[in-house]
Amino acid sequence: MDAPRLAVRDIALFERRVEFRTPFRFGAVTVEGASQAFVRVEVELEDGRRAMGGTAELMVPKWFDKRPHLSVEDTVDELRAALDSARELYLAAGRDTAFGLSAACYSAHMARCADAGLPALAAAFGPAEMDKAILDALLRALGLNVFEGFSANVMGLDARLAPDISDAAVSAFLSSRRPAGRVALRHTVGMMDPLDGPEGIAALGEREKVGFFKLKLSGTLDADRQRLAAIAARLPADSRVTLDANEQYADAAALTALADLIARDPDLAPIRDRLLYLEQPLPREKTFDEPLAAIPFDVIIDEADDGYGAFAAARALGYAGVSSKSCKGLYKSLVNGARAQANGGFLTAEDLTCQAGLAVQQDTALVAFLGLTHAERNGHHYADGFSGAPEADAFLAAHPEFYERSDGDVRLDVKDGAFHIATLAVPGFASAVLPDWGRLAPLKTREPAFAGEDR
């Protein structure tokens with residue numbers, strides 16, 4: 001089918017605080033809670049049909065922008081500013097396909113945010129959220145689930161923002177996908193997380209049948225060696241691991257030292273034998289300075305993936321893959337999937353911002369469509385289920401294979417270590433219900449304190 005043309009008639013922005021049940025430390029930051037952004041849109045098709053759609057994403061501080069002169073709240077205000085900018089541009093964009101609207105707004109939005117001092121990764125948060133909500137509304141108007149919609153390319157995705165591949169490569173990728181029936185949970189082990197007891201690695205492997213673990217690194221070689229050796233002694237049999245340095249290894253020499261340690265230290269043999277890849281070891285601003293040093297395992301980019309050309313540039317320097325995250329843009333993930341199918345390399349499924357409800361369901365559906373078999377879902381662990389959100393019961397009733405009720409709240413159901421995807425094949429973007437909009441607070445609007453700062 002031809003991709004329908006639509007116009008965005010209304011966009012409303014909301015937020016709600018999510019407190020973590022246990023602190024989460026990554027890189028140099030410890031997070032005890034964050035505000036979740038919600039986007040509601042109304043679209044109108046050319047035949048006059050209207051539909052409402054929505055999305056949600058956690059606004060994690062000090063990940064999208066780690067510059068030390070910014071406060072935690074400054075970095076969240078950047079994300080609010082990105083949402084405000086994208087809202088204005090999408091409402092004024094006229095009528096086009098869903099991806100056509102995104103492409104038409106992209107350059108102006110990124111330039112506007114750069115002028116205000118936002119780094120590209122933070123700026124991209126705004127259109128990423130608009131695109132998800134618009135896609136949800138379009139699919140609801142058409143009565144299609146996301147897997148049908150992606151395969152038929154109802155969003156009109158093409159290669160105009162990725163000139164290194166062709167429109168035909170994008171079409172071939174979309175039409176060839178056969179979504180996985182289940183996506184295994186990859187459990188994040190933050191740097192403050194206990195290794196023993198009911199929250200320890202062995203207990204999780206036994207209780208939730210977790211077979212994949214993501215291990216955070218600090219960037220300090222001795223500390224990372226001790227932490228990894230302790231984890232290596234506790235890993236369940238047949239489990240696999242990934243490592244995430246969150247930009248904490250300062251340069252190529254530090255990365256080489258880490259690789260040599262993993263390759264040679266006998267206490268790290270269980271890590272070495274199970275290692276799938278290392279994620280974003282170098283600072284994003286140094287990632288593209290020189291070819292990747294020759295090391296004996298795959299390395300992927302994450303924070304350095306701040307635009308449509310980042311994956312291609314990283315591949316040319318020796319990086320093996322790139323993360324898919326809805327907060328960085330679902331269309332970029334699909335384009336990168338087409339790149340990998342046409343030119344090699346691979347995608348991984350990382351989390352950061354996925355909380356119960358729209359966020360985790362939409363991102364998991366994207367992961368399944370991409371054909372990825374496991375995904376980091378640290379939001380499942382660090383937040384307390386729906387954290388008392390009023391829509392929890394509605395999501396449980398609509399998607400009983402995805403959630404369960406335990407300890408007084410609704411939580412993700414991962415008893416067999418995986419998410420079951422069939423329940424997400426409903427009209428719209430992976431959810432049969434939407435949040436209770438009337439019980440959400442409006443998105444805070446503030447003049448960015450970072451505007452004009454020396455970058």
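So, how was this worked out
- Residues numbered from 1 in each chain as written.
- Predicted model: local features only at pLDDT ≥ 70, side-chain atom pairs only at ≥ 80, totals over all residues.
- Heavy atoms only, no water.
- Helix = DSSP H or I, 4+ residues; strand = E, 2+ residues; numbered from the N terminus.
- Rg over C-alpha atoms; globule rule 2.2 N^0.38 Å.
- Buried < 20%, exposed > 50% of the residue type's maximum accessible area, 1.4 Å probe, protein only.
- Contact = heavy atoms within 4.5 Å.
- Areas by Shrake-Rupley, 256 points an atom, 1.4 Å probe, with all protein chains shown as cover.
- Lys, Arg positive; Asp, Glu negative; His and termini not counted.
- Charge placed at Lys NZ, Arg CZ, Asp CG, Glu CD.
- Pairing = 2+ DSSP bridges.
- Phe/Tyr/Trp six-rings, centres within 6.5 Å; stacked < 30°, edge-to-face > 60°.
- Expected span 1.5 Å × (residues − 1).
- Axes fitted to C-alpha atoms, helices over the stretch in contact; angles between N-to-C directions.
- Parallel < 35°, antiparallel > 145°, perpendicular 65-115°, else oblique.
- Nonpolar A, V, L, I, M, F, W, Y, C, P; charged D, E, K, R; others polar.
- Right-handed = clockwise from strand over helix to strand, strands pointing away.
- Core = buried A, V, L, I, M, F, W, Y, C linked by side-chain atoms within 4.5 Å.
- Polar contact = N/O pair within 3.5 Å; in protein donor to acceptor, adjacent residues only side chain to side chain.
- Arc of directions from axis to C-beta.

## What to know about the overall build of the chain
Along the backbone of the chain there are 15 helices and 16 strands. Here the C-alpha atoms of the chain give a radius of gyration of 21 Å, agreeing with the 23 Å that 2.2 N^0.38 yields for 455 residues. Along the first, second and third principal axes, the C-alpha set of the chain runs to 65 × 50 × 45 Å. Burial analysis of the chain (455 residues in total) assigns 62% to the buried set. Across the chain, every contact between residues at least 6 apart in sequence was considered, and the portion connecting residues at least 24 apart equals 75%. For the chain, the accessible surface area stands at approximately 16,000 Å², while carbon and sulfur atoms represent 50% of it. For the chain, the centre of its 49 positive side-chain charges and the centre of its 67 negative side-chain charges are spaced 2 Å apart.

## Some points on the side chain of Arg 411
Residue position: Arg 411 is located in strand β14 (residues 409–412). Once residues lying within four places of it in the same chain are set aside, the contact partners of Arg 411 are Asp 384, Gly 385, Phe 402, Tyr 403, Glu 404 and Ser 406.

## Quick word on the pairing of β14
Note on strand geometry: in a regular strand, side chains alternate between the two faces of the sheet. Examined bridge by bridge, strand β13 (residues 403–406) and β14 share four bridges and lie antiparallel to one another. If you follow Arg 405 over to β14, its bridge partner there is Val 410. Connecting the antiparallel pair β13 and β14 is a turn made up of two residues, with Asp 407 showing a positive phi of about 50 degrees.

## Here's the deal with unusual backbone geometry
The backbone of Asp 238 sits at a positive phi, close to 70 degrees, despite the residue not being glycine. On the secondary structure map, Asp 238 appears in the loop between α8 (221–232) and β7 (240–244). One non-glycine residue, Asn 246, lies in the positive phi region at around 45 degrees. Here Asn 246 lies in the loop between β7 and α9 (252–264).

## Description of the packing of aromatic side chains
One pass over the full model with this rule turns up 12 aromatic pairs. Ring geometry for Tyr 277 and Phe 346: centres 6.1 Å apart, planes at 50 degrees, overall tilted. Of this pair, Tyr 277 sits in strand β8 (residues 275–279) while Phe 346 sits in strand β11 (residues 346–349); the two residues are 69 residues apart in sequence, bridging distant segments of the chain. Among the residues examined, Tyr 277 registers a relative accessible area of 4% and is labelled buried.

## Some words on helix α12 (residues 330–343)
With 14 residues, α12 should cover 20 Å at 1.5 Å per step; its first-to-last C-alpha distance of 20 Å lies within 8% of that length. Summarising burial for α12: 11 of the 14 residues are buried, a large majority. Three or more residues of α12 are buried, namely Leu 330, Tyr 331, Lys 332, Ser 333, Leu 334, Val 335, Asn 336, Gly 337, Ala 338, Arg 339 and Ala 340. Phi turns positive one or two residues past the end of α12, at Gly 344, with a value near 95 degrees.

## Points about the packing of α12 against helix α13 (residues 358–370)
One way to put it is that α12 packs onto α13 with a least axis distance of 11 Å and a crossing angle of 10 degrees. Considered as vectors, α12 and α13 are oriented roughly parallel to each other. Listed contacts from α13 to Leu 330, Ser 333 and Leu 334 of α12 are Leu 366, Phe 369 and Leu 370. Its residues placed into classes, the contact of α12 with α13 shows five nonpolar, one polar and no charged.

## Focus on the pairing of β7
Counting buried positions along β7 yields four of five residues, so the element is predominantly enclosed. In this sheet, β7 lies alongside strand β6 (residues 212–216) in parallel orientation, the contact comprising five bridges. By the bridge assignment, Lys 214 is partnered in β7 with Thr 242. Each parallel crossover has a hand, and the one from β6 via α8 to β7 is right-handed. Sheet analysis places β7 next to β8, joined by three bridges and oriented parallel.

## Remarks on the nonpolar core
Of all hydrophobic cores here, the largest spans 154 residues; its most connected members are Tyr 331, Leu 334 and Tyr 403. Discounting chain neighbours no more than four positions away, the residues touching Leu 334 are Phe 150, Met 155, Leu 157, Phe 173, Leu 174, Leu 366, Phe 369 and Leu 370.

## Some details on the environment of Asp 302
In this fold, Asp 302 is placed in the loop between β9 (299–301) and α11 (310–316). Sequence-wise, Asp 302 and Ala 223 are 79 residues apart; in three dimensions their C-alpha atoms are separated by 23 Å. Excluding residues within four positions of it along the chain, Asp 302 makes contact with Trp 63, Glu 279, Gln 280, Ser 323, Lys 325 and Lys 328. There is a polar contact of 2.7 Å between the side chain of Asp 302 and the side chain of Ser 323.

## Quick look at α9
End to end, α9 covers 18 Å across 13 residues, agreeing with the expected 18 Å (1.5 Å per residue, within 8%). For α9, the full list of buried residues reads Leu 255, Leu 258, Ala 259, Leu 261 and Ile 262. Buried positions in α9, seen along its axis, are confined to an arc of 160 degrees and lie on one side of it. What points out from α9, more than 90 degrees from its buried face, is the exposed set Ala 253 and Arg 264. Buried positions along α9 lie against α8, β7, α10 (269–274) and β8. Among the residues of α9, the N-terminal cap falls to Asp 251, whose side-chain oxygen and the backbone nitrogen of Ala 253 are separated by 3.3 Å.

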